[in-house]
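Each chain, written out:
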Amino acid sequence: MQDTRDRRAAIFVAGVYAGAILFVLSVLVYVGRIQVSLPAPLVAFASECMKDWARRFGLA
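The rules behind each value
Residues numbered from 1 in each chain as written. Predicted model: local features only at pLDDT ≥ 70, side-chain atom pairs only at ≥ 80, totals over all residues. Heavy atoms only, no water. Helix = DSSP H or I, 4+ residues; strand = E, 2+ residues; numbered from the N terminus. Rg over C-alpha atoms; globule rule 2.2 N^0.38 Å. Buried < 20%, exposed > 50% of the residue type's maximum accessible area, 1.4 Å probe, protein only. Areas by Shrake-Rupley, 256 points an atom, 1.4 Å probe, with all protein chains shown as cover. Lys, Arg positive; Asp, Glu negative; His and termini not counted. Charge placed at Lys NZ, Arg CZ, Asp CG, Glu CD. Patch = residues over 30% accessible without salt bridge, like charges linked within 9 Å, V, L, I, M, F, W, Y side chains within 5 Å. Salt bridge = Lys/Arg side-chain N within 4 Å of Asp/Glu carboxyl O. Expected span 1.5 Å × (residues − 1).

Chemist: Break down the overall build of the protein chain for me, with residues and values.
Modeler: Helix and strand counts for the protein chain come out as two helices and zero strands. For 60 residues, the compact-globule estimate of 2.2 N^0.38 gives 10 Å, and the protein chain exceeds it by more than 25% at 17 Å. Overall, the protein chain is about 45 × 30 × 20 Å in size when its C-alpha atoms are taken along their principal axes. Taken across its 60 residues, the protein chain has 2% of its residues classed as buried. Put simply, the protein chain shows about 5700 Å² of open surface, and 69% of that area lies on carbon and sulfur atoms. Each charge sign in the protein chain was given a centre, from 7 positive and 4 negative side chains, and these centres are 5 Å apart.

Written as structure tokens, this is what we have:
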């Protein structure tokens, strides 16, 4: 039982660290400190996903 709890705690901590790193990177990209060039199909896919979510939540 303790092993499962330890494993869940480790996964949670790893998720928190990963989320913090992604948040910092996204802020740096947003303010222009990091320049990112993405392939056009990936950008188009992300745009369609965002439009879909906006429609689902009544934002568009």
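Chemist: Could you give me a rundown of a nonpolar patch on the surface, with the residues and numbers involved?
Modeler: A cluster of nonpolar side chains, contributed by Ile-21, Leu-22, Leu-25, Val-29, Ile-34, Val-36, Leu-38, Leu-42, Val-43 and Phe-45, occupies part of the molecular surface with about 910 Å² of accessible area. Counting only elements with at least two residues in the nonpolar patch, the list comes to helix H1 (2-31) and helix H2 (40-56). Considering each element in turn, the nonpolar patch owes the most residues, four residues, to H1. Tracing the backbone shows Val-36 in the loop between H1 and H2.

Chemist: Describe H2, listing the residues and the values that go with them.
Modeler: Between its terminal C-alpha atoms H2 stretches 24 Å, which fits the 24 Å expected from 17 residues at 1.5 Å a residue. Just downstream of H2, Gly-58 is the residue with a positive phi angle, here 70°.

Chemist: Kindly report on the pattern of salt bridges, identifying the contributing residues and their values.
Modeler: This structure, assessed with the given rule, holds three salt bridges. Among the salt bridges present, the one from Lys-51 reaches Glu-48, with a minimum N-O distance of 3.7 Å. Pair noted here: Lys-51 and Glu-48 are both in helix H2, with a separation of three residues, about one helical turn. Among the residues examined, Lys-51 registers a relative accessible area of 42% and is labelled partly exposed. Across the pair Asp-52 and Arg-56 runs a salt bridge, and its minimum N-O distance is 3.2 Å.

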